[in-house]
Structure formats: structure tokens, C-alpha cells
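# Overview (structure and organization)
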Amino acid sequence: MGSSPGLGTDLPAHVQELCTRAMEGAGVAMFVTGPRSDEMPIVWVNAAFERQTGFAAAEVLGRSPHVLESLLSEPVEAQELRAAITEEREITHTVRALRRDGSPVWTQLSLAPLAGPDGTVTHWVGVQVDVSEHLERYAAQVASLALERRERAVLDVVSRSSDLLADLDQPYALRDITELLAGYVVDWAGFYLNDDGLRYAEGVDTAAPPSGRGQRHGRYTPGAYPVAPGLHTTDALGDSAAVTGSLPRVRLVDVPDRVQDVLDGRIEGPVTLDLSATYPQWSASGWLQRDLHHRLSGLPHRPGTVTVTAVPGRRRILGLLVTGDTSEAGPHGLGTEAEAREGVRTLLQIIARRAGTAIDNVRLYAREHRLAETLQRAMLPEQADVTGLDVWTYYAPNSEHAQVGGDWYDVLQIAPDVVGLVIGDVVGHDVEAAAAMGQLRSVVRSYAYELTTPGPVLERVDQLVQGMRIPRSASLVYAALTQPDAEQPDDAWRIEYSRAGHLPPLLLRDGTVTQLDDAGGALVGFGGRSRSTGVAALAPGDTLVFYTDGLIERRDRALRVGLEALVAASEAVTAVDAAGVGEELLSRLADAPEDDVALVVVRIPDPVHDASAVVLSPRSRRWLLPSEPASIGRARHAVVRTCQAWGVRDSANAELVVSELVANGVLHGWGHLALRLFDTGDGIRVEVEDSNPAPPVPTDGHPNRMGGFGMQIVERLADWGWRPTASGKLVWATLRPSGR
């Protein structure tokens, strides 16, 4: 290429020649231009420049560098170069340029001014280093980090959503998941569950989870939504109801309902729902379109389409996960657009599947719980009214199991002068144990009414159980309390009993405890010989305690040690009512039961000594009553006995308030009623819990309105309120002192 004039003319010739050859042979592309006043003509390039750019020296020498500027792929880069030349300052910049054949190349361009003796810039020297390989390596590292970041982000969202799904009892679990998605991968997200029709869901009602069936989607429309522009209402045949002279009737019944197809499992999805399209009014697509128009109205930029992803259960689609996104590019941190959208789709499907599995587990658990609860309610005894005896009963299933077990008790008025008591325990805590318990309970009740004497009753039970082949072993105690002369209230009671592998009942008398351990025998169905009958005489003030092993059995101690603890706790009892005796025993022994607990306390009242007794029992009582009119009278009697035991003289107001609250529960509730009394120090507090979640409403006195007057009575006598519970509601009332 030879030397060019003006390149270091002050240098000796041999040095000048040496510099020229060094620059020409350098492996780095170099070029020299003239001054800016001459439009910077290219005056020299080396061989490396020709190899890098693809241009021969003859094609660029003497020409303006605009030919090189045109090869820059980014206009901003050209502007930065022009600014540096104007300011006559050095610049180094990484630019993306094109070779002559159009192939891209990344170069690090350094451009520096060369000044003459007078300080004026006479030339510019440029050096170009090919950094494409380094940038490709860097880009690969960046892509690898982006992939790792994307995978971590997806795992983080999945992990956080899984934590939320682990606690579906939280009322807004689904809403929290959608907020997590809306704040990261989409602009809006929402869950819709199908329970005889779609409905927007912020959580899952664990007591009544969605069924995943039904097409009556208009049932859950919250209020009247205005019809969005472009939407048509339809008649009963699915045709458009909007008919004008210029617009023909639109046939909508044949429009594909892809949302319903997803719900029915005909297509796997996800599908895209166009929010500007026209759908039949009461179709799944039409209802969802109207609901989304309402819910998306608060977004600054509403999406034109939404993605509908199925929420699958084990056997059917339980609902939908609907997401909307207005951005065209992928979410931040999820890589390229295509990778991001595929990642979002995978993420949504994972969350939808996990949500469906969690909801289905809740649904299956709720079904088993309802079955167990129904069995439990059906098999809980309905305590008979017993004249002359104070009877209190208690049953609590082990909370670790399905809330149903094999423990049971019965209090039977067999004859005017005979009361039958049964307490038993079937091995197990499942539905099979409950079914076996129901069979045994029916058998014992039948023979108790027929034979009365405990020994022969259990012999007949053994015979029938052996023939029935009940799959679970069981223990029980049957006792008959007899008053020799029912017309003489002062006549003493007598107890006859027989035990089939069960723990002995206790007789509490004047601070001493006697174990009624006679008449023992094998478990029910294993009696190979005749059953004996034990007898004990009872006196006023005596208390009988029947119980199951759940009251005393613990993993860290022997059963005999637990029985000794029960005897010691019974010796310390000071209560003069059956409910108080039971509360004292439970407070000392049943703080952390590991098994079902059944407890029956029977006390023979002693009017002479009860009034002067010093009572140290807990000032709280509880009863479980069936939802029947007879429970109102039982509740009144229980309150009167409790007030007498607590020394509360004015029990009339408490009796009236309890009567009204229990009557309200019997009339408007269902299932069993839980009655609780507390002495707060400032007054008696009454609590009545039933399974109806609807709150009590006092009437406004309208002459044609029925009901609600009882709550007006309660308002005059007490401060009252209510709160929801897991199974219904609890109504409470605190009686005001008599002076108020």
C-alpha cells in the first residue's frame, strides 16, 4: 500500500518506513482520515482493515468515512461518534457494524485526533478490534444466568403458591395466589370455581367445597352488570334478543363455548377468550366475559383477551384460572419473549394443577367429614329425662382423627323405677368403628328393655354379636339403677352392673372412692360362660362415674397409673351437681386426651347437705342437647341446678335467657346444640352453639311478623351478641346484675 503523505514527515526516512510497515502488518484493523474541515477523507488503511471489513483499500481511500458510518447498525452509535469528532476528543466505543457482505461484526472502535505543530487537528487515527467472540461468550453467560434466574423465579412462585395452598382454611388463599401472579407474570389473575355454575372465588369454603359440576353460570352474578358495548342478550333458545330494522337476528346458539368445553374436559386448554366477541348470554364464555368486563374495569389498560386455564381435580375440572396480560413482551426476568410466554404458560398450568389437587383434597376430606359427622350425630345418644337423678354426659372425639369413633353411652328410662346406663368402647377411630358401635348400641338397647338385669343382658348380647360377626372388638358396662319404691322419694337407689372387658365405674361418697370392679368378664362377643351381676346400694349425695379409657390413657404411663390418677381426682371433687363433678374431672385429666373420651356422671341429689357444701369446682358448665323441643326443659333444669350449686339465688333471669336461646336454636338451627354456662364474676354468661350460620334477628314488633320476640326478652335481661364458628354460629348473652 505504500506510505501516504503527511504521516510523520519529520521522522528519519528509515524510521518512517519502519512505522509504516509495522502499521501495515499489524493484526489490528487501523485507518487514518484527514481533518474534519476536509470531510475527513480516508487516507490510509492497513491489511487487517481490509480483512475485517471486506473492503479493499482502493474502494475507501480518498472517500469520506460516511461509507463506514452507514455500516453501523445503530444510529445512536453514529451520533456519539459525530459528537466526539466535533468536540475533537478521543472516543472508544463498542459498535455493531456490517461487513461488505452484510454479515454482522462487533468491534471496539477507538478514534483519536492527531494534532499538527500549531495544535490544529490534521488527522484522525482509528483502531478497530474484533470483539465478536468475546461478546458471544458474554451473551452465552448472560443467557445462562437469565435461564437460571427464570428457573429460580418460577420455582419461587411455585413454592410460595404451594405454601398458600397448604392452608386453604385461610379465607383468602386463592386471592393471595392471584395477587402473587398479578404482581409478577401477568397484569391480572383470578380463580373461578364451578359449583352448579361458575363463581369468582377468593378462597375455598372447606365446609362446602366446589363440586365441579353444573352449568347455571348466572347464579353467582353479584348484582346487575351493565351490558358491555357490542354484547348481545339472548333468549331462551340462545338467539340474540336484539332485533332492529337494519340488523338481522344473530344466531348465537351455534357459537362454540370453549370455556364450557374446558369445564367439561372436552379440551385440555388453555384457551384464549376474546373479550370483544359475542357469546350466548348464559353460556360459560358469555358469563365469564361479562364478569371480566366488570372486574377488569379498574385496570389502566384492559386486556383484549384472557387466557383460561383449567383447574383439574382427580375426576373432573373444578374451576378455572383466568389471566390477562396487556404487555406484548414477556415478563421481566423470564428471558426472551417466546421463552417467557412458554414459561408463563407452564407456570400457570403448574399452579392450576396444584390448586386443583389441594381443592380436591379439601373436597374429599369435607365429604368424609360430613359422613363421619352425620354418623356421629345419628349415633350420639338422646339422653332421657330421669326423675330423681342428676345426670350429665360428655363425649369428645379425638381431634387427630375423623371426629368419629367407637365410644358411646346411653341413658335409658327403662321403667318408672329403672334407669339403664350403658358406656362402651369399640376399637378404632374410623367409620367402620362407628358402624360397629351403632350395631352394638342397638343390640344393647333392645335387650336392656327386655331383660333389665345386667348379667343376662350381656349374655344375650354375646350370643347375637357372635352371630353378627361384627369386625371390631368392644368393651362395655351395663348398669341398671333401681328405686325399690318409686312412690317413696326417700327410698334408696340400688345399682346392678356387669362389665364386659371395661374399666370399673367409680362410686364417690363423702370424699372416698370405690371401684365397682365386680362382675367382670371378657370383651363383648367373647363371653364363653355366664355373665355375673354386681350390686351396690346408693345413698343421697352418692355419685357414679362411668368413663372410657380415653379419659385416663396416655402413651407415657400405664393404664393402672391413669386409673389411680382418676381415683385421686375423684377424691378431691367438691361439686354438688353432676355437671360440676364432670367439669372437675375433665379439668384435671382431659387436658390433652389421646383417644375418644366418653363420660357419664350420675348423682343422687342430697337436698339436706348440698345447700351448705363448700364448692371449689370450676365455675363453668357444658351440655350437648339434641335439637328437639324437650331440650328446652332440660336446659332450664340444668341452669337451675347449676345456679343452686354456685349459690346464685336469683336464677330466674338465667333460666329465662337460656330457655329463649335454646328455643331459638331448636326452632331455627339443626344438629345438636351446645349449651355452656360461665360465672364471670360480673354475671352469668350463656353460650348456645348450633349448626345454622344465620344470625339471630330480633323482630321489630310488626303485628304480622312471627318470631324474634324471644331475642327481645334476651335484650331486656342481658347484653348479647353472636359470632360465626367452624360449624355454624354461637350466640352469647351476659346477664346484667339485678340492680341494672
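Presented here is a report on the structure given in the accompanying data block. (Residues numbered from 1 in each chain as written. Predicted model: local features only at pLDDT ≥ 70, side-chain atom pairs only at ≥ 80, totals over all residues. Heavy atoms only, no water.)

Let us now look at the overall build of the protein chain. Check the secondary structure of the protein chain and you find 18 helices and 25 strands. Counting all 740 residues of the protein chain, 46% fall into the buried class. Pairs at least 24 residues apart make up 61% of the contacts formed inside the protein chain by residues separated by at least 6 positions. (Helix = DSSP H or I, 4+ residues; strand = E, 2+ residues; numbered from the N terminus. Buried < 20%, exposed > 50% of the residue type's maximum accessible area, 1.4 Å probe, protein only. Contact = heavy atoms within 4.5 Å.)

With 54 residues, the main nonpolar core has Trp392, Tyr547, Leu551, Leu566, Leu599, Leu661 and Val686 as its most contacted residues. Apart from residues no more than four positions distant in its own chain, Trp392 is found in contact with Ala578, Ala579, Gly582, Glu583, Leu586, Leu599, Val600, Val601, Arg622 and Trp623. With 29 residues, the next largest nonpolar core counts Leu174, Leu180, Leu181 and Leu347 among its residues. (Core = buried A, V, L, I, M, F, W, Y, C linked by side-chain atoms within 4.5 Å.)

So, on to unusual backbone geometry. Even without a glycine there, the phi angle at Glu88 is positive, about 55°. At Ala519, a residue that is not glycine, the phi angle is positive and equals roughly 55°. Inspection of the secondary structure puts Ala519 in the loop between strand S17 (512-515) and strand S18 (534-537). The class of Ala519 is buried, set by a relative accessible area of 11%.

What follows covers helix H12 (residues 454-468). Compared with an ideal rise of 1.5 Å per residue, which puts 15 residues at 21 Å, H12 spans 21 Å between its outermost C-alpha atoms and is within 8% of the ideal. Listing the buried residues of H12 in full gives Pro454, Gly455, Val457, Leu458, Val461, Asp462 and Val465. Taken end-on, H12 shows its buried residues confined to a sector of 150°, consistent with a single buried face. Residues of H12 that are exposed and point over 90 degrees away from its buried face: Gln463 and Gly467. In this structure, the buried side of H12 is in contact with helix H11 (431-451), strand S14 (474-482) and strand S15 (494-500). Note on H12: the residue one or two positions beyond its end, Arg469, has a positive phi of about 55°. (Expected span 1.5 Å × (residues − 1). Arc of directions from axis to C-beta.)

All right, on to the pattern of salt bridges then. Inspection of the entire model under this criterion finds 25 salt bridges. Note that Glu133 is salt-bridged to Arg137, the shortest N-O span being 3.3 Å. Placement of both Glu133 and Arg137 in helix H6 (residues 132-165) is noted, with a separation of four residues, approximately one turn of the helix. Residue Asp410 pairs with Arg445 through a salt bridge whose shortest N-O separation is 3.1 Å. Here Arg445 lies in helix H11 and Asp410 lies in strand S12 (residues 407-415), a separation of 35 residues in the sequence. Owing to a relative accessible area of 28%, Arg445 belongs among the partly exposed residues under this scheme. Through salt bridges that share partners, Arg676, Arg685, Glu687 and Glu689 make up one connected network. (Salt bridge = Lys/Arg side-chain N within 4 Å of Asp/Glu carboxyl O.)

Moving on: the sheet that holds strand S5 (residues 121-130). Sheet architecture is open: five strands sit in the order S2-S1-S5-S4-S3, paired in antiparallel fashion. For this open sheet the edge positions go to strand S2 (42-45) and strand S3 (91-98), each flanked by a neighbour on one side alone. This sheet shows a mean twist of 25° between the axes of neighbouring strands, independent of strand direction. Where strand S1 (residues 29-33) and S2 come together, three bridges link them in antiparallel fashion. Looking across to S2, one finds that Phe31 is bridged to Val45. (Pairing = 2+ DSSP bridges. Axes fitted to C-alpha atoms, helices over the stretch in contact; angles between N-to-C directions.)

Turning next to the pairing of strand S23 (residues 684-690). Of all seven residues that make up S23, six are buried, and the element is covered over most of its length. Note that strand S22 (residues 673-679) and S23 share six bridges and pair antiparallel. Considered in S23, the bridge of Leu675 is made with Val688. Here S22 folds back onto S23 in antiparallel fashion, the turn holding four residues, of which Gly681 has a positive phi close to 95°. Note: S23 against strand S25 (residues 729-735), six bridges, orientation antiparallel. If you follow Val686 over to S25, its bridge partner there is Ala733.

Mapped onto the fold, His502 is located in the loop between S15 and strand S16 (506-509). On the accessibility criterion, His502 (5% relative accessible area) is buried. Of note is the side chain of His502, whose polar atom sits 2.9 Å from the side chain of Ser475. When neighbours within four sequence positions are excluded, His502 is seen to be in contact with Ile423, Gly424, Asp425, Ser475, Leu476, Val477, Tyr547 and Thr548. (Polar contact = N/O pair within 3.5 Å; in protein donor to acceptor, adjacent residues only side chain to side chain.)

Moving on to the packing of helix H16 (residues 630-646) against helix H17 (residues 652-668). In contact at an axis separation of 9 Å, H16 and H17 are set at 150° when each is read in the N-to-C sense. Regarding the angle of H16 to H17, the classification is roughly antiparallel. For the crossing formed where H16 meets H17, the hand is right-handed. Packed against H16, whose contacting residues are Ser631, Ile632, Ala635, Arg636, Val639, Val640 and Cys643, the element H17 presents Ala654, Glu655, Val658, Ser659, Val662, Ala663 and Val666 at the interface. Here the contact of H16 with H17 is composed, by residue class, of ten nonpolar, two polar and two charged. (Parallel < 35°, antiparallel > 145°, perpendicular 65-115°, else oblique. Left-handed = near helix turned anticlockwise from the far one by under 90°. Nonpolar A, V, L, I, M, F, W, Y, C, P; charged D, E, K, R; others polar.)

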